[in-house]
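# Results of the structural survey
These are the residues of each chain, in order.
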Amino acid sequence: MEIMETLLGTLNPAQLEAVTATEGYIRVIAGAGSGKTRALSHRFAYLVNEVGILPGNILCVTFTNKASQEMRQRIHALTGDNDTGYINTFHGFCVSILQEDSYAVEYPKSFLVLDNADIDTMLKVIYEERGLGLRDMTFAKARDMIEIQKLFKKPEYYLDMLTLPLEELKQKYQKAETLEDIIFYGYLYQERKCFGLDYNDLIKVTLFIFSRSEEIRLKWQKRLEYIMIDEFQDIDGLQYELMCVLSAYHKNLFVVGDPDQTIYTWRGANIRYLLDFGENFPGCRTIMMMLNYRSTATILRAVNSLIDKNQERIRKSLIPAREEGEKPVCHFASNAEKEAAWIAQEVMRLKEKEGIPLKSITILYRAHYVTRSLEEAFIKEKIPYAIYSGTPFFGRKEIKDALAYLRMIVYRDDLSFLRIANEPKRNLGEQRIRYLQEYAATKGCSLFEALKENQKEELFARTKAVEFISLIEGYAEKYETVPVSDLIGEILSVSGYENDLRIQGSQERLDNLAELKQSIRDYELSCGEEGTLEQYVRHIALFTNMDTPEKEDRLKLMTVHSAKGLEFPVVFLCGMNEGIFPSRKIRSIQAMEEERRLAFVAMTRARDHLYMTEADGRNFDGSDRYPSRFILDAGEENLSFPLPPREGLIQKTKEYVDSMNRHILKDENRILLPEGQRIRHKIFGEGTITGIDQEREAYRIHFDRLDSERNIAFRIALEVL
DNA sequence: ATTTTCGAGATTTTT
DNA sequence: TCTCGAAAAT
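Cut-off values and rules
Along each chain, residue indices are assigned from 1 in the same order as the chain's sequence is written. The naming scheme follows written order: chains are lettered A onward, ligands numbered 1 onward. Local features are withheld for residues below a pLDDT of 70 in this predicted model, meaning they are given only at 70 or higher, and side-chain atom pairs are given and counted only at 80 or more; totals for whole chains, interfaces and linings count all residues. No hydrogens and no water enter the side-chain calculation; it runs on all heavy atoms of the structure. For salt bridges, the criterion is a side-chain nitrogen of Lys or Arg within 4 Å of an Asp or Glu carboxyl oxygen. Helix and strand assignments follow DSSP, with helices taken as H or I runs no shorter than four residues and strands as E runs no shorter than two, numbered in order from the N terminus. Only protein chains enter the area calculation, which uses a 1.4 Å probe; residues under 20% of their type maximum are buried, those over 50% are exposed, and those in between are partly exposed. In summary, the pairing rule links any two rings of Phe, Tyr or Trp, Trp by its six-membered ring, whose centres are within 6.5 Å, and it sorts them by plane angle into stacked for under 30 degrees, edge-to-face for over 60 and tilted for everything else. Candidates for patches are residues over 30% relative accessible area with no salt bridge; among them, like charges are joined within 9 Å and nonpolar side chains (Val, Leu, Ile, Met, Phe, Trp, Tyr) within 5 Å. Residue-level accessible areas treat just the shown protein chains as cover; the underlying method is Shrake-Rupley with a 1.4 Å probe. By the convention used here, residues are in contact when the closest approach between their heavy atoms is within 4.5 Å. For every residue, the predictor states its confidence as a pLDDT score lying anywhere from 0 to 100. By this definition, two strands are paired if DSSP reports at least two bridges between them. Throughout, right-handed denotes a crossover for which the path from the first strand over the helix to the second runs clockwise when the strands point away from the viewer. Lines are fitted to the C-alpha atoms to define the axes, a helix being fitted only along its stretch in contact, and any angle between axes, read from their N-to-C directions, falls within 0 to 180 degrees. Here a cavity is any set of points on a 1 Å grid over the protein atoms alone where a 1.4 Å probe fits but cannot get out, and a pocket is any open set with protein on both sides within 12 Å along at least 5 of 7 lines; a residue lines the site when it has an atom within 4 Å of a point. Grid points are joined across faces, edges and corners, and a volume is the space filled by probe spheres set on the points.

Moving on, we come to the pattern of salt bridges. A pair can form between side chains of opposite charge whenever their charged atoms are brought close. Scanning all chains against the criterion turns up 32 salt bridges. The shortest N-O distance in the salt bridge between R285 and E17 comes to 3.2 Å. Placement of the pair is R285 in strand β8 (residues 285-289) and E17 in helix α2 (residues 13-20), with a sequence separation of 268 residues. On the accessibility criterion, R285 (37% relative accessible area) is partly exposed. E17 gets classed as partly exposed once you look at its relative accessible area, which sits at 36%. Residue R419 is joined to D401 by a salt bridge in which the shortest nitrogen-to-oxygen separation is 2.8 Å. Here D401 lies in helix α19 (residues 397-411) and R419 lies in helix α20 (residues 414-420), a separation of 18 residues in the sequence. Three or more residues joined by partner-sharing salt bridges are found here, namely D258, D260, D308, R313, R315 and K316.

This is the structure in structure tokens:
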């Protein structure tokens, strides 16, 4: 076929091999910038155009929704087919499965994907209800609880979750006495009440359905003739399990990954799945793709020097396909404001003198909080920018509120109630909500019912409770007959929500809402008659602000983590300081190596120009702040310093890094508690150490109050007895 | 007595 | 954006 020949002609032999390797188990180890995604989409096109596979029989797993979108566009261009099959994240794909088959476990067909904020809210409700005295629980503590809650999420509990009627689950929760039972059953009860599933649940429930019904499992196994997975180095246990099940029938599995880009071990990713793939899948062929097409040879020299400092690593280096370019530029500023100002000034220079549009420039950073000084500088210089982040950390409140109104109409669940009952202000403040929660807990009803039963009480006399109830109930009667796009427009204006925003002058939020409405309209068009409210709520569940397409010529700001898999002509890597990048709470060599891989990912995003900036000054505790070791690791000879660093700064930094390294080593020796050691955990109580989990740098512990043998405990939370 | 408003501070990373 | 605390507003 003519088109295919021209396509394949642009690929190198390794890529060509990857594209046309169609049978069995194939693993591609690919360096950064080697054209992984390209090869993947070309392979998809090859399977469709040449082998004659239907797109719907191919599952292509990407890491983010954004990556899915890009992949879909590429493949559409290559195949000319509007049907691009299943191109999705594991989580998104599970949503498709659950949409079709959740009936098998009698789970409500419509569900909400919970994000961390939702989980926080639910945990808080549990704390309040049970008077656990953690009312001042901070976000950090809540995250701690998520860790703990994961610990309970063993398959046997899912029997409870999926098979128990809500009533019984409630009773288990109410009867629960130990803290762990309260949290576990409380969480499940809350989840069930609002039809929520968290990210892990999506996969767990899917696997559970497969284990329950061979028919359903076989249906999906047979449907997916080919499975391809991108970013395989960051796959976690649950995803791996799902992959094994899905590929077990046709046994056509194609994975692509780069061990040097493993940056999600804190989320359960395990590099062993990639490294041991050959042994676990007999007959596996391995293809190496080491040529880098993205960056200039000059940038790659610095990058190779950096990643080579990692000890636990398969030695390989990126081979440049491009010519030499400019050396990465390092800038040392005396404080964060000056650093930001310098970046702003340099951005303007690039735009005006070199004609580089703002949208080609991206600022990367380790942690969100460094954006503050950057934003100030860009606002001052009137440089338009957009913050991209994988999670809706900032700026999506109005969308969640709008959806909560929709959910409130359909389900009247507590989670939505808490979100919007007092939004806009209805004089339903803290005290009154707390009263409702207590009432609901004793009566065992929902918060909405509690409000309904109490609306005539004195306490609610000066509130707009009655209006709120009739608003929700009025729409509840007719939501099935009205298109969602009309419904949302109406409720936002009738409730006074939009008006509130208008008074506040939040034009941006109104724009966001307008965009939401438009996206609902688009959705309705694409689904024809079937675009029901429930479906839409599910459709939008996995959306993040990363996925909205870029509009005008704007600078992009994002964390290094969310830049994974992307590339940009110009990259500024800012906040390159000890204590920021690497982050200050790094307490092991493994963690430091992951941090270095993260720096590697950051630097390899750059195509033509790379900048690294830092700011001296003081740390939180008043100690001096030094430039990042990763600047040193990149090799002074590979970098350029327009302003030479302060006299002796480099030497001092080296000394500082050495002393930190000694600390890390000492720490490691110190934490080794012997097997059999009695300890106390702040939540689980007393227990005995039964072993060490090397992978996660944690102790395996048998807790007296828990039955299971194999509980994992975290390093710091232990008190020696 | 309770809610609302306002300003300041936050210091990993997120499907 | 969320959470705090103090002060203003009903």
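A complete count under the given rule lists 20 aromatic pairs for this structure. On the basis of an interplanar angle of 90 degrees and a centroid distance of 5.6 Å, the ring pair of F93 and W220 is categorised as edge-to-face. Of this pair, F93 sits in helix α5 (residues 90-101) while W220 sits in helix α12 (residues 214-223); the two residues are 127 residues apart in sequence, bridging distant segments of the chain. Assigned by exposure class, F93 and W220 land together as buried. Between F581 and F630 the ring centres are 5.5 Å apart and the planes differ by 80 degrees, which places this aromatic pair in the edge-to-face class.

Let us now look at a nonpolar patch on the surface. Together, L291, Y293 and I319 give the surface a local cluster of nonpolar side chains, amounting to about 240 Å² of exposed area. Within the fold, I319 resides in strand β10 (residues 319-320). Since its relative accessible area comes to 43%, I319 is described here as partly exposed.

Moving on to the side chain of H561. Here H561 shows up in the loop between β14 (555-559) and β15 (568-573). Look past the residues within four positions of H561 in its chain and what remains in contact with it is I263, Y264, W266, R366 and L598.

What follows deals with the confidence of the model for chain A. Taken residue by residue, chain A gives an average pLDDT of 81. The fraction at 70 or more is 83%. A low-confidence stretch, residues 134-143 stays under pLDDT 50, and its non-local contacts, those more than four residues away or across chains, total 11 contacts.

For the rest of this paragraph, the subject is the pairing of strand β7 (residues 253-257). Counting buried residues in β7 gives 5 out of 5 residues, a clear majority hidden from the surface. Side chains of β7 alternate between two faces, with L253, V255 and G257 and F254 and V256 buried alike. The sheet contact formed by strand β1 (residues 25-30) and β7 spans 5 bridges and is parallel. Residue R27 lies in a different strand from β7, and its bridge partner there is V255. Direction of pairing for strand β6 (residues 226-229) relative to β7: parallel, over a ladder of 3 bridges. Residue pairing for β7: I227 is matched across the bridge by L253. In terms of handedness, the path from β6 via helix α13 (residues 237-247) over to β7 forms a crossover that is right-handed.

Sheet architecture is open: 6 strands sit in the order β3-β2-β6-β7-β1-β8, paired in parallel fashion. Here the strands that pair on one side only, and so sit at the sheet edges, are β3 (86-88) and β8. Going across the sheet, the axis of each strand differs from the next one's by a mean of 10 degrees, ignoring polarity. As defined by bridge partners, strand β2 (residues 58-61) adjoins β6 across 4 bridges and the pair is classed as parallel. Along β6, the bridge assignment pairs C60 with M228. Contacting β1, β7 and β8, α2 crosses the sheet at an angle of about 145 degrees to β8.

Once that is clear, we can look at empty space enclosed by the protein. In total, this model carries 1 cavity of 30 Å³ or more according to the counting rule given. In this model, the largest cavity occupies a volume close to 40 Å³. E326, K327, V329, D608, H609, L610 and Y611 together form the lining of the largest cavity. With 4 residues, strand β16 (residues 606-615) is the single largest residue contributor to the lining of the largest cavity.

Pairing in this open sheet of 6 strands is parallel, and the strands run β11-β16-β15-β12-β14-β13 from one edge to the other. A single partner strand is all that each edge strand has here, and the edge strands are β11 (329-333) and β13 (385-388). Adjacent strand axes in the sheet meet at a mean angle of 20 degrees when their direction is disregarded. As defined by bridge partners, strand β12 (residues 361-365) adjoins β14 across 4 bridges and the pair is classed as parallel. Along β14, the bridge assignment pairs L364 with M558. Against the sheet, helix α17 (residues 336-353) engages β11, β12, β14, β15 and β16, with an angle of about 155 degrees to β16. In the packing of helix α28 (residues 589-603) onto the sheet, contacts are made with β12, β15 and β16, and the angle to β16 comes to roughly 130 degrees.

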